[in-house]
Amino acid sequence: MDLSQIRRLIDLMAQAPIAELEIEENGRRVRLAKAQNGQRAVAAKPAEATPVVPQSSVMTPALDAQATITAPSYGVFHLAPSPDASSYVVVGQKVKAGQQVGLLEAMKVFNPVRAGIAGTIEAVLVAGGTEVDMGTPLFRLV
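First, a word on what this report is: a plain description of the structure on this page. (Residues numbered from 1 in each chain as written. Predicted model: local features only at pLDDT ≥ 70, side-chain atom pairs only at ≥ 80, totals over all residues. Heavy atoms only, no water.)

**Things to note about the pattern of salt bridges**
According to the stated counting rule, one finds two salt bridges in the structure shown. A salt bridge links K108 to E105; the shortest N-O distance between them is 3.8 Å. For E105, a relative accessible area of 17% corresponds to the buried category. (Salt bridge = Lys/Arg side-chain N within 4 Å of Asp/Glu carboxyl O. Buried < 20%, exposed > 50% of the residue type's maximum accessible area, 1.4 Å probe, protein only.)

Structure, rendered in structure tokens:
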């Protein structure tokens, strides 16, 4: 199991109503558990060893969080529902809180990206088809 697969599991677990997940593959065991305070810790180990590596915090550019729409999880960001369809939103378009503005694809599962606040799309910060991490700014609002 590689790091990208573990990251996907972490993001999917954050959205699932489970507290713990353990997977063993090729003699290596990965155990994910949600901590009491809501932060996650990752333990990757061979069957007999137990090193624990805490999840690093997500690094994002210094943008006003109130004026951005960020990725709710890790995945491939899509601006439109299909390659031949028009984008959910364009620069200059007004959006309402809760309105779908894009899609995130992770492990062939598509999740909507929704505006957290109302505003006008000032800039699209990530190109369609780009792999993004949880918390990556996708749109800037005014």
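**Describing the nonpolar core**
By size, the foremost hydrophobic cluster in this structure holds 16 residues, and its most contacted members are I69, F77, V101, L138 and F139. In terms of residue count, strand β12 (residues 137-141) provides more of this core than any other element does, three residues in total. Sequence-distant contacts of I69, defined by excluding residues within four places in its chain, comprise V101, V113, R114, A115, I121, T136, P137, L138, F139 and L141. Core analysis: the next-biggest nonpolar cluster, separate from the first, contains six residues, I6, L9, I10 and L32 among them. (Core = buried A, V, L, I, M, F, W, Y, C linked by side-chain atoms within 4.5 Å. Helix = DSSP H or I, 4+ residues; strand = E, 2+ residues; numbered from the N terminus. Contact = heavy atoms within 4.5 Å.)

**Some details on the sheet that holds strand β9 (residues 109-114)**
Pairing is antiparallel across the open sheet formed by four strands, whose spatial order is β9-β8-β6-β11. Looking at which strands have only one partner, the edges of the open sheet turn out to be β9 and β11 (130-132). For this sheet, the mean inter-axis angle between neighbouring strands, taken without regard to orientation, is 40°. Here three bridges tie strand β6 (residues 75-78) to β11, and the two strands are oriented antiparallel to one another. Each bridged residue has a counterpart across the sheet, and for G75 the counterpart in β11 is V132. (Pairing = 2+ DSSP bridges. Axes fitted to C-alpha atoms, helices over the stretch in contact; angles between N-to-C directions.)

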